[in-house]
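Examination of the molecular architecture
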Amino acid sequence: MLDGSARIALKTDPRFDRYVFIERSAVRCAELEALKTEFPALASDIKIRQGNANTEIQELCRKDWSAHRAVLFLDPYGMQVEWKTIEAIAATKAIDMWLLFPLGIGVNRLLTRSGEIPESWRRRLNLLLGTENWYDEFYRVESTPTLFGTAEDRVVKATTETMGRYFNERLKSVFAAVADEPKVLRNSANCPLYLLCFAVGNDKGAPIALRIANHLLTKGLQ
Ligand SMILES: C[S@@+](CC[C@H](N)C(=O)[O-])C[C@H]1O[C@@H](n2cnc3c(N)ncnc32)[C@H](O)[C@@H]1O
């Protein structure tokens, strides 16, 4: 059994001043509560918030962050994180964010090969990407002349690399700095599943935070 991210955070030395774990499932919240017994010295600084991470994080971000700094790890299974939440995190100018972006397991699946996308999927992508202009970025129409003087139109879908680059650029539009080479996490068949992105909240800390993150993204993660 590998340690989950909550336990890894609690084992980090030097320790953090406070730990906030946000989880929707009551069962998983109970498991997180049990960590207080496992780490008694940290128990009074562990806060578990059961709820939707978008709502909870946006509420946390509305507080006064001028005297605080934080690292946030957003680890969704799928497309749950909303762009509004990412904007709220960036607006604190105090939070460095690691995010597993659902590149292969989410975005690439919703972007159909034909370019015809059901309305509910479009809405999901709008929420995740915070804009409606993604369609023009991810699809183009290629026209090939035929022997008969007419043209044949073909919809061409972007590669997952283009999708990843697009999202990283979106992050750059709101954060002080963003790691240029997010790490692609692949399955055993070498298909991209997630993109591990890193964004820095505050200008002042940006150079050192980027240096550390770039080291982890290129050498430190297996
Ligand atoms: C990939 S797991 C997190 C694993 C964890 N980081 C670890 O290392 O053990 C994703 C978790 O997000 C929770 N979740 C899914 N949607 C959520 C939401 N909208 N708000 C809060 N938690 C959510 C799921 O119940 C699940 O426990």
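Remember, it's a predicted structure, so these values are computed and weren't measured experimentally.

Within the protein chain one finds nine helices and nine strands. By the burial criterion, 23% of the 222 residues in the protein chain qualify as buried. Counting contacts in the protein chain only where the partners sit at least 6 residues apart, residues at least 24 apart contribute 65% of the total.

In the neighbourhood of the ligand, 13 residues make up the surrounding shell, with Gly4, Ser5, Arg24, Ala53 and Asp75 lying closest. Across the shell around the ligand, the residue classes tally to four nonpolar, five polar and four charged. Split by domain, the residues of the shell around the ligand number at least three in each of domain 1 (1–51) and domain 2 (70–130 + 159–220).

Moving on, we get to the nonpolar core. Membership of the largest hydrophobic core comes to 40 residues, with the highest contact counts inside it found for Phe101, Phe175, Val178, Leu195, Cys197 and Ala199. Ranked by the residues each element gives to this core, the list is headed by strand S9 (residues 192–200), at seven residues. Two domains each put at least three residues into this core: domain 1 (1–51) and domain 2 (70–130 + 159–220). Look past the residues within four positions of Leu195 in its chain and what remains in contact with it is Phe101, Leu103, Gly164, Phe167, Pro182 and Val184.

Our next topic: the packing of helix H3 (residues 53–61) against helix H4 (residues 83–91). Orientation of H3 relative to H4, taken along the N-to-C sense of each, is 20 degrees, at an axis distance of 9 Å. Taken together, the axes of H3 and H4 lie roughly parallel to each other. Between H3 and H4 lies a crossing whose hand is left-handed. Within the contact between the two elements, H3 uses Asn54, Ile57, Gln58 and Cys61 and H4 uses Lys84, Thr85, Ala88, Ile89 and Ala91. Across the contact of H3 with H4, the residue classes tally to five nonpolar, three polar and one charged.

With that settled, consider the pairing of S9. For S9, the tally of buried residues reaches seven of nine residues, placing the bulk of the element in the interior. The pairing of strand S4 (residues 95–101) with S9 spans five bridges and is classified as antiparallel. Residue pairing in the sheet places Trp98 in a bridge with Phe198 of S9. Inspection of the sheet shows strand S7 (residues 177–178) paired to S9 by two bridges, in the antiparallel sense. The partner of Ala177 across the bridge, within S9, is Val200. Pairing geometry for strand S8 (residues 183–186) and S9, over four bridges, is antiparallel. Each bridged residue has a counterpart across the sheet, and for Arg186 the counterpart in S9 is Pro192. Counting the residues that bridge the hairpin from S8 to S9 gives five residues, and of these Asn190 lies at a positive phi of roughly 70 degrees.

Definitions and limits used
Residues numbered from 1 in each chain as written. Predicted model: local features only at pLDDT ≥ 70, side-chain atom pairs only at ≥ 80, totals over all residues. Helix = DSSP H or I, 4+ residues; strand = E, 2+ residues; numbered from the N terminus. Buried ≥ 20, exposed ≤ 12 C-beta atoms within 10 Å, placed from the backbone. Contact = placed C-beta atoms within 7 Å. Near = placed C-beta within 6 Å. Nonpolar A, V, L, I, M, F, W, Y, C, P; charged D, E, K, R; others polar. Domains from an automatic or database assignment. Core = buried A, V, L, I, M, F, W, Y, C linked by C-beta atoms within 7 Å. Axes fitted to C-alpha atoms, helices over the stretch in contact; angles between N-to-C directions. Parallel < 35°, antiparallel > 145°, perpendicular 65-115°, else oblique. Left-handed = near helix turned anticlockwise from the far one by under 90°. Pairing = 2+ DSSP bridges.

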